[in-house]
Amino acid sequence: MEATIEVNGLRKRFGQTRALDGMTFTVLPGQVTGFVGPNGAGKSTTMRVVLGLDAADEGHALVGGRPYASLRSPLSHVGALLDAAALQPGRTARNHLLWLAHSQGLGAGRVDEVIEQVGLTPAARRRAGGYSLGMRQRLGIAAALLGDPPVLMLDEPFNGLDPEGIVWIRGFLRSLAAEGRAVLVSSHLMSELQDTAGHLVVVGRGRVVADTSVADLIATASRDRVTLRTQARPEAMSVLAAAGGTVTVTDRDTLVVSGLASEHIVRLLASRAVPFSEVAAHRASLEEAYLDLTRDAVEFKGAAR
Amino acid sequence: MTAVTPYRSGLRAGRDGFAQLLRAEWTKLRTVRGWMAGLTLTTLLIVLLGVLFATGSRSSCMNGPIEVPCPAPPTGPGGEAVEDRFYFVHQQLDDDGSITVRVNNLTGQLRKPDVTPGVRNVVPGVTPWAKAGVMIKQSVRQGAAYAAVMVTGSHGVRMQHDFTEDVAGRPGGAPRWLRLTRTGETIVGEESADGSRWTRVGTARMATGRVRVGLFAASPGDLTVTSNVIGGAATASRFAEVTADMDQVSVRGVAPGGSWTRDDIGVTLEADGTPHHPGGLVRSGDTFRITGVGDIAPALEGMPAERVLTGVLAGLVVVIVVAVSFVTAEYRRGLIRTTLLAAPRRGRALVAKAVVISVAVFVFGLVAAAVTVPVGRALLAGNGNVLAPLAPLTGLRVIAGTAALLAVVAVFALALGSLFRRSAVAVIAAIVAIVVPYLLATASLLPDEVARWLLRLTPAAGFAIQQSTVTYEQMTARFAPAEGFFPLPPWAGFAVLCAYAALALALAAHRLRRRDV
C-alpha cells in the first residue's frame, strides 16, 4: 500500500456553514506534513472525511489509494488520533488499547509494545479517567500506532502537552516520518510545527491556502525585505523613499524596507551620510508567513486589528 | 525532493473478521466495572427477590378448625394438575364393551351472593361447563385416565379424555343420546339425536385391562368477574351443582346382572366426616337422576413456577440501563469514532455490540433463573405452599426463556441507545415500551381486553415466554393478564418482542450508516 493521503475537491456544508470548500491536497511519505489553519478552517472535518466518519457532499479522500471504509484491518493502514479525551473513564489505558487490538486481531503483546513506545508503562493499568491531558495524548498516539500503520493522522496532538511533552512529540513525529511514514499533523498554531514539519498545508475557510515546503514558505514571505536600524529615521526614510523603496516603521529606530536590495540601501545611505547601525535581510518567522497567508482566511478577527 | 522508501510494517497482519469485532466488544464490556457490576446486580436482584418472595409466602389449609398442610392437587396422566371431582355411577368392565345412554335434560342450581345476610340465595341455572354423560375410567382414583362423551351447559356435546383433550361435537344440549365403545385400546365416542343415527365425536386410547364404565355428572363453580371502580376486576367462583336425568341405559361387556357402584369422586369431607356439597343418585326404574359437583379438567391449583421470578422486572430495568449505556457512553465520550475507525463497516460494528450484550445478559439471566426457580420452589414447598407441577421441558423453557427475554430486551435497549444517542431518553423509551405496558396489563388496572391487547401489541408480549401454566378451553377460570395469563402463546409473545428488537436494531444500523459521527 502507498503511504499517502489524497484529498480531492472535498466540499461539505453543515447547514448554512460551508465547512469544506474544495479542499484538495496530498500527503506524501517520509515527512511530517503540518496541517495548519485557524480554528474552523476545516482541518478536523477533513480528517473525519478522510477517515470515513463524516461524508463529504462532493469530492473524495483516499488513504493509500483506497477509501477508508474499504480497508481491512484499517488500523494497520492508518493510525489516527482525533480526540484524546475520547476514552471510557472507568477503563484502564491498557484495556482501552486491548479492545482496539482485539478488533484488529492483535494481541496483548502489541499493546504492551506501544505503551512502552509512548512511555506510559508505569501508568498503563490506571483508569484513563484519571489521566492528565498530556497522558491522554500519549495514549491516543499509542492507539494510532497500534497497527504499526504507514499513515498517521493526528489532530492537534500538542494540545495540553507540557513543554517537555512537546519536545518529546516533535522528536517522535520526526522519527516516525523518517521511517518512511506519511504523517499529517494538524495545529492551529504554526509555532508548534516549527522544526517538526517539512511540508505545510495551510488552510482557511475550507480550502487550501498554501501547499508548500517550509523552506519555500519562509523564503516567499521574506522576499525583498530588509531591516534597517538607524538613529536618523526621518532622513533615512526620505532618502530611501526617493530611491523608490517602500518603508515601514516598526520601531523607534527600526525600519523595514522593501523594493531595494540591501547593498543598494547601504550605498544610498553612505552617499548621503545618513548614519545607521545595522542592515539585515529580513527572515520571516513561520508564524509571520502563516499570518500573511491566513489574514483573509481568519473567520473571526479581533476588532482592533 | 529526495526519493523516500515508504514504510513497511514488520507487524504480522491480524485477522479482520466478525469474530474479532465480537472479541473487541466483549473486552469493552468486561473492562468497565460499572457494567459488570450492573449485570451482577441483575442476577442478584432476580435471585434475592425470588428467595424473599418464596420465604415470605406461607400457606396452610383448614380442615374444619384444624390447620393442615394443603393437599397437593391430583395430577393427570400427563403430569399436569387436574380437577377430578364428580359423581360416578359405574360398573366393572374387563375387556371390550360399550355404554349407551340418553341424557334427557340438565338442570342445576347456583348460589348467588346472599341478599339477606345469612340466608342462602340459590337460583336455578347451569354453568357453561356443567357436564353429564358416559365415561370409561381406569379406576376411581383421582387423576386416573378416562374417556368421556357428554352434554354440557352451553358448549354442546364434547368428547374429552385425560383432562387436557377436548373435541367438540355438535352444539346444543339435551335431550341427546351418547355412546362410548371400547375395542382393544381404542375408545370411540358417539352422539345421536334419536338413538338410531349416530355421529362420531372423537376417539381416545386407553390401555387394555380392567376399567370402570358408567354415568357421571359434574359442575364447576359459577365464575363471575365483576369490574371494580378503578378499572380492574374481581373474580368469584360460587357453588353450583348440576342434575342430569338419564335413561335408556345399556351397557355391553359387563358381567350379566352386574350392580352399579356409586362414588362421589374427590368429595371433600367436613371435620365430622360428612361430605361437603355431596353429589348423588336417585334411581327410579330405568331413570338415573345424577347430581354432581366439581369438574373434570386441568386445574390451576398450585403456584406456577414463574411466580418466583418476581425479580425479573427489577433486573430488566438494570439490564436496560447497562445495555443503553454500553452504546451511549461511546457517544458521550466520542469513543464511537474510535470504534468506527476500527470497524468502518458500521452495521457489523453495531451487530457485534448487540450480540455481545445479549449473550452476556443471557448468561447472567440464565444463572439467575436457573438458581431462582429450583431454590424458590423448594422454599415455597417448605413453607407449605402447593406448587403447580412443572414438566421438565416447561421448566427449561421458563428458565431459558427468562434469560432470553432479558437478552432480547438488552438488544432492544441497545438499539434505542444507538438511535437516540442519549442515555436518559433511551432508558425512558425502553421502560415505556416494555415495563410500563407489562405493569399496566398485569396490575389489574385495566379492563381485561385492553390488558390483553397491550400484551399482544407491545414488546411486553415477550413476558409470555415465562408462563408455565397451559390453559385449555374446557377450564373454568378467568384467563386475564392480571391472573398471570398471556393472550399469546409463549413463543408467539416472545416473537413479538424479537420483532421489535430486530426492527429497532435495523433502524439503528440504518441511521448509524447514514449519519456523520
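Given the structure is predicted, the values throughout are model-derived calculations rather than measurements.

1. Structural notes on the overall build of chain B
In step 1: Counting its secondary structure elements, chain B contains nine helices and 21 strands.
In step 2: Since a compact globule built from 517 residues should have a radius of gyration of about 24 Å, the 30 Å found for chain B marks it as more spread out than a globular shape.
In step 3: Its C-alpha atoms give chain B principal-axis dimensions of about 125 × 55 × 35 Å.
In step 4: Of all 517 residues assigned to chain B, the portion counted as buried reaches 47%.
In step 5: A fraction of 75% describes how many contacts in chain B between residues 6 or more apart in sequence connect residues 24 or more apart.

2. Some remarks on the interface of chain B and chain A
In step 1: Facing 33 residues of chain B, the contacting portion of chain A comprises 40 residues.
In step 2: At the level of elements, helix H1 (18–30), helix H2 (33–56), helix H3 (312–333) and helix H4 (335–342) of chain B are the ones that each hand at least two residues to the side of chain B that touches chain A.

3. Quick look at the pairing of strand S9 (residues 207–213) of chain A
Residue and element names in this part refer to chain A.
In step 1: Two elements, strand S8 (residues 199–204) and S9, share six bridges in a ladder whose sense is antiparallel. Across the sheet, valine 202 pairs through a bridge with alanine 210, a residue of S9.
In step 2: A loop of two residues connects S8 with S9, the two strands running antiparallel in sequence, and arginine 205 in this loop sits at a positive phi of about 50 degrees.

4. Some points on the environment of isoleucine 218 of chain A
In step 1: Mapped onto the fold, isoleucine 218 of chain A is located in helix H7 (residues 214–222).
In step 2: Contact partners of isoleucine 218 of chain A, with chain neighbours within four places excluded, come to Arg283, Ala284, Leu286 and Ala289 of chain A.

5. As for the sheet that holds strand S10 (residues 225–229) of chain A
Residue and element names in this part refer to chain A.
In step 1: Here four strands make up an open sheet; going across it, the order is S11-S12-S10-S13 and the pairing antiparallel. The open sheet terminates on both sides in strands that have one partner only, identified here as strand S11 (246–249) and strand S13 (278–281). Strand-to-strand, the axes of this sheet are offset by a mean angle of 25 degrees, without reference to chain direction.
In step 2: In terms of strand pairing, S10 meets S13 through four bridges, oriented antiparallel. Across the sheet, the residue bridging to leucine 228 is valine 279, located in S13.

6. A few points about unusual backbone geometry
In step 1: That bond from alanine 174 of chain B to proline 175 of chain B is cis: its omega, 0 degrees, falls within 30 degrees of zero.
In step 2: One non-glycine residue, serine 73 of chain A, adopts positive backbone phi at about 45 degrees.
In step 3: Residue arginine 205 of chain A is not a glycine yet carries a positive backbone phi of 50 degrees.
In step 4: By secondary structure assignment, the location of arginine 205 of chain A is in the loop between S8 and S9.
In step 5: Given 19 C-beta atoms within 10 Å, arginine 205 of chain A falls into the partly exposed group.

7. Digging into helix H1 (residues 43–50) of chain A
All names here are of chain A.
In step 1: With respect to burial, H1 is a largely interior element, seven of its eight residues being buried.
In step 2: Taken residue by residue, H1 has Lys43, Thr45, Thr46, Met47, Arg48, Val49 and Val50 as its buried positions.
In step 3: Downstream of H1 by a residue or two, glycine 52 has a phi angle that is positive, lying close to 75 degrees.

8. Things to note about the sheet that holds S9 of chain A
Sheet strands pair via backbone hydrogen bonds, and the direction of the pair is either parallel or antiparallel.
All names here are of chain A.
In step 1: An order of S5-S6-S7-S3-S8-S9 is seen for the six strands of this open sheet, with the pairing classed as mixed. Strands at the two margins of the open sheet, each flanked by one partner only, are strand S5 (78–81) and S9. Across this sheet, the average inter-strand angle for adjacent strands is 15 degrees, counted without regard to direction.
In step 2: As paired elements, strand S6 (residues 151–155) and strand S7 (residues 182–187) share five bridges and run parallel to each other. Counted as the bridge partner of valine 151 is alanine 182 from S7.

9. With respect to the confidence of the model for chain A
Residue and element names in this part refer to chain A.
In step 1: When pLDDT is averaged across chain A, the result is 88; 96% of the residues are at 70 or more.
In step 2: Mean pLDDT across the secondary structure elements of chain A bottoms out at helix H10 (residues 286–294), with 75, and peaks at helix H2 (residues 93–103), with 97.
In step 3: Confidence over residues 299–305 falls short of pLDDT 50; this stretch has two contacts with residues more than four positions distant or in other chains.

10. Some words on the confidence of the model for chain B
In step 1: For chain B, per-residue confidence averages 92 on the pLDDT scale, and 99% of positions sit at 70 or higher.
In step 2: Across the interface, the model reports ipTM at 0.84; the global pTM reads 0.86.

11. Some details on the packing of helix H8 (residues 233–242) of chain A against helix H9 (residues 262–271) of chain A
Geometrically, a packed helix pair is captured by the angle between its two axes and the distance between the axes.
All names here are of chain A.
In step 1: Their axes nearest at 10 Å, the elements H8 and H9 cross at an angle of 120 degrees. As the angle between them shows, H8 and H9 are arranged oblique. Viewed along their axes, H8 and H9 form a crossing whose handedness is right-handed. Here Ala236, Val239 and Leu240 of H8 come into contact with H9, specifically with Ile265, Leu268 and Leu269.
In step 2: Across the contact of H8 with H9, the residue classes tally to six nonpolar, no polar and no charged.

12. With respect to the environment of leucine 507 of chain B
Residues and elements named next belong to chain B.
In step 1: Mapped onto the elements of the fold, leucine 507 is located in helix H9 (residues 490–514).
In step 2: A tally of 14 C-beta atoms within 10 Å means that leucine 507 is categorised as partly exposed.
In step 3: When the C-alpha positions of leucine 507 and alanine 204 are compared, they lie 51 Å apart, and in sequence the two are 303 residues distant.

Calculation criteria
Position numbers for residues start from 1 in each chain and track the written sequence from start to end. By the order in which they are written, chains take letters starting at A while ligands take numbers starting at 1. Reporting in this predicted model follows two pLDDT cut-offs: at least 70 for local features of residues, and 80 or more for side-chain atom pairs to be given and counted; totals over whole chains, interfaces and linings ignore these cut-offs and use all residues. Runs of H or I in DSSP of at least four residues are treated as helices and runs of E of at least two as strands, each being numbered from the N terminus. In this treatment the radius of gyration is a C-alpha quantity, and the globule benchmark scales as 2.2 Å times the residue count to the 0.38 power. Counting other C-beta atoms within 10 Å of a residue's C-beta gives its exposure: the residue is buried at 20 or more, exposed at 12 or fewer, and partly exposed in between, where C-beta atoms are placed from the backbone. Contact criterion: two residues are in contact if their C-beta atoms, reconstructed from the backbone, are within 7 Å. Here, any two strands with at least 2 DSSP bridges between them count as paired. The axes are straight lines fitted to the C-alpha atoms, using for helices just the contacting stretch, and the angles between their N-to-C directions are given from 0 to 180°. A residue's pLDDT is the predictor's confidence in that residue, given on a scale from 0 to 100. An angle below 35 degrees is treated as roughly parallel, one above 145 as roughly antiparallel, one from 65 to 115 as roughly perpendicular, and anything else as oblique. By the definition used in this description, the sense in which the near helix is turned from the far one sets the handedness, with an anticlockwise turn below a right angle giving left-handed and a clockwise turn giving right-handed. Just so you know the grouping, Ala, Val, Leu, Ile, Met, Phe, Trp, Tyr, Cys and Pro go in nonpolar, Asp, Glu, Lys and Arg go in charged, and all remaining residues, Gly too, go in polar.

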